[in-house]
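Summary of structural features
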Amino acid sequence: MKFRRPQFIPLAFIIGTTLLLVSLGLWQAQRLVWKNNLIARIETAQAEPALTAWQDSADYRNIEIEGTFIHDRSLHLVGRPKGSSMGFFILTPLQLEDGKTVLVNRGWAPEGEKIAMPGASLIRGVVRPAREKRYFSPDNQPEKNVWFYEDIPAMSRVTNLTLENGVIEAVGTPEKGIYPQPGDGKISLRNDHLGYAITWFALAAIGLIMFAIYHRIPERKA
């Protein structure tokens, strides 16, 4: 099988495109390893007994802890709309008995809805790391008490409290008309990286095959 010599521009294009697609595939393969390790870490943490005191680096552990809410320092984290209702996750500082203060995501509430304000409480929930700023996330607006991600240092400055590095995601059974409504504590992560990796590698292979077919010299019949 013979091939004709490709021109420079098409050759440069296919080389660059192939390198780009292979790089994307390798990146997704790395993300797959990272996501699998994270899922295993979450499953291990969830299997541990529930904490009864705040601990650093206890991400994804269940926790049952007592404290007193500081409602006048609550923060509003933008959440997904539910139906036609816009709303926020209510992040309220919880003063623990040992003097530490941690943010509790008490759940979702529609904008403008009356928020329940319990005092001393036993909180059941899941410890998780603060949400980081994503590439396309808007900037936080502390002056309006509108937050798109949990910047603990900035939240500490706004509340004038020394907040622990992490958040407790409150778990409970939602009651109709009572806000905020807590989550169910389930941690589910999408893991599509294998499919993405296969797609990028397949596109790279298809491009090379089509390039070779285009430049193949048909054999002449005798």
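Residues numbered from 1 in each chain as written. Predicted model: local features only at pLDDT ≥ 70, side-chain atom pairs only at ≥ 80, totals over all residues. Heavy atoms only, no water.

Some points on the overall build of the protein
The test is simple: Numbering goes from the N terminus for both helices and strands, where a helix is a DSSP run of H or I of at least four residues and a strand is a run of E of at least two. For the radius of gyration, the atom set is restricted to C-alpha positions; the globular benchmark scales as 2.2 Å times the number of residues to the power 0.38. Residue burial is assigned from relative accessible area. The probe radius is 1.4 Å, only protein chains are included, and a residue is buried under 20% of its type maximum, exposed over 50%, and partly exposed in between. Any two residues having at least one pair of non-hydrogen atoms within 4.5 Å are treated as being in contact. In this description, accessible areas are obtained by the Shrake-Rupley approach with a 1.4 Å probe, and a residue is regarded as covered only by the protein chains that are shown. Charge assignment in this entry is limited to Lys and Arg as positive and Asp and Glu as negative, and neither His nor the chain termini are counted. To locate a charge, take atom NZ for lysine, CZ for arginine, CG for aspartate or CD for glutamate.
Scanning the protein from N- to C-terminus turns up three helices and eight strands. Along its sequence from the N terminus, the protein presents helices and strands in the succession β-α-β-β-β-β-β-α-β-α-β. In terms of overall dimensions, the protein is more spread out than a globule: its C-alpha atoms have a radius of gyration of 26 Å, far above the 17 Å expected for 222 residues. In terms of overall dimensions, the protein has a C-alpha envelope of 95 × 40 × 35 Å along the principal axes. Counting all 222 residues of the protein, 35% fall into the buried class. Contacts in the protein between residues at least 24 apart in sequence constitute 61% of all its contacts with a sequence separation of at least 6. Accessible surface, the protein as shown: approximately 14800 Å² in total, 57% of it carbon and sulfur. Averaged over its 26 positive side-chain charges, the protein has a centre that lies 16 Å from the centre of its 22 negative ones.

A few points about the environment of Val 104
Structurally, Val 104 can be placed in strand E5 (residues 101-110). Residue Val 104 is classed as buried on the basis of its relative accessible area of 0%. Leave out the neighbours within four places in its chain, and Val 104 touches Phe 69, Ile 90, Leu 91, Thr 92, Leu 94, Ile 123, Ile 168 and Ala 170.

Details of the confidence of the model for the protein
We apply this condition: What pLDDT expresses is the predictor's confidence in each residue, scored from 0 to 100.
In this model, the protein carries an average pLDDT of 91, and 97% of its residues clear a pLDDT of 70 or more. For the protein, per-element mean pLDDT is lowest for strand E1 (residues 2-3), which scores 78, and highest for helix H2 (residues 152-159), which scores 96.

Observations regarding a nonpolar patch on the surface
Operational definition: Put simply, a patch holds well-exposed residues, over 30% relative accessible area, that have no salt bridge, with like charges counted together within 9 Å and Val, Leu, Ile, Met, Phe, Trp or Tyr side chains within 5 Å. We define a salt bridge as a contact between a side-chain nitrogen of Lys or Arg and a carboxyl oxygen of Asp or Glu at a distance within 4 Å.
On the surface, a cluster of nonpolar side chains totalling about 260 Å² of accessible area is made up of Leu 11, Ile 15 and Leu 19. Of note, Leu 11 is situated in helix H1 (residues 8-47).

What about the pairing of strand E4 (residues 87-96)?
Going by this rule: Any two strands with at least two DSSP-identified bridges between them are counted as paired.
Buried residues dominate E4, accounting for eight of its ten residues. Bridge count for strand E3 (residues 75-78) against E4 is four bridges, and the pairing is antiparallel. If you follow Val 78 over to E4, its bridge partner there is Phe 88. Pairing geometry for E4 and E5, over eight bridges, is antiparallel. Counted as the bridge partner of Gln 95 is Thr 101 from E5.

Digging into the pattern of salt bridges
By the definition in use, this model includes eight salt bridges. Here Arg 128 ties to Glu 169 by a salt bridge, and the two come within 2.2 Å at their closest N and O atoms. Remark: Glu 169 occurs in strand E7 (residues 163-170) and Arg 128 occurs in strand E6 (residues 120-128); sequence separation between them is 41 residues. Taking relative accessible area as the criterion, Arg 128 reaches 11% and is therefore assigned buried. A salt bridge links Arg 190 to Asp 192; the nearest nitrogen and oxygen atoms lie 2.7 Å apart. One network of salt bridges, with partners in common, ties together Arg 128, Arg 131, Glu 150 and Glu 169.

With respect to helix H3 (residues 193-215)
Worth spelling out the cut-off: A helix is expected to span 1.5 Å multiplied by its residue count minus one.
Here H3 spans 33 Å end to end across 23 residues, near enough to the 33 Å set by a 1.5 Å rise per residue. Taken as a whole, H3 has its buried residues at His 193, Ala 197, Ala 204, Phe 211 and His 215.

Some points on the side chain of Thr 101
For clarity, the threshold we go by: Under the rule applied, a polar contact is a pair of N or O atoms within 3.5 Å (in protein, one hydrogen donor and one hydrogen acceptor; residues adjacent in sequence only if both atoms are side-chain atoms).
Here Thr 101 shows up in strand E5. In this structure the side chain of Thr 101 is engaged in a polar contact, spanning 3.3 Å, whose partner is the side chain of Gln 95. Excluding residues within four positions of it along the chain, Thr 101 makes contact with Pro 93, Leu 94, Gln 95, Leu 161, Thr 162, Leu 163 and Glu 164.

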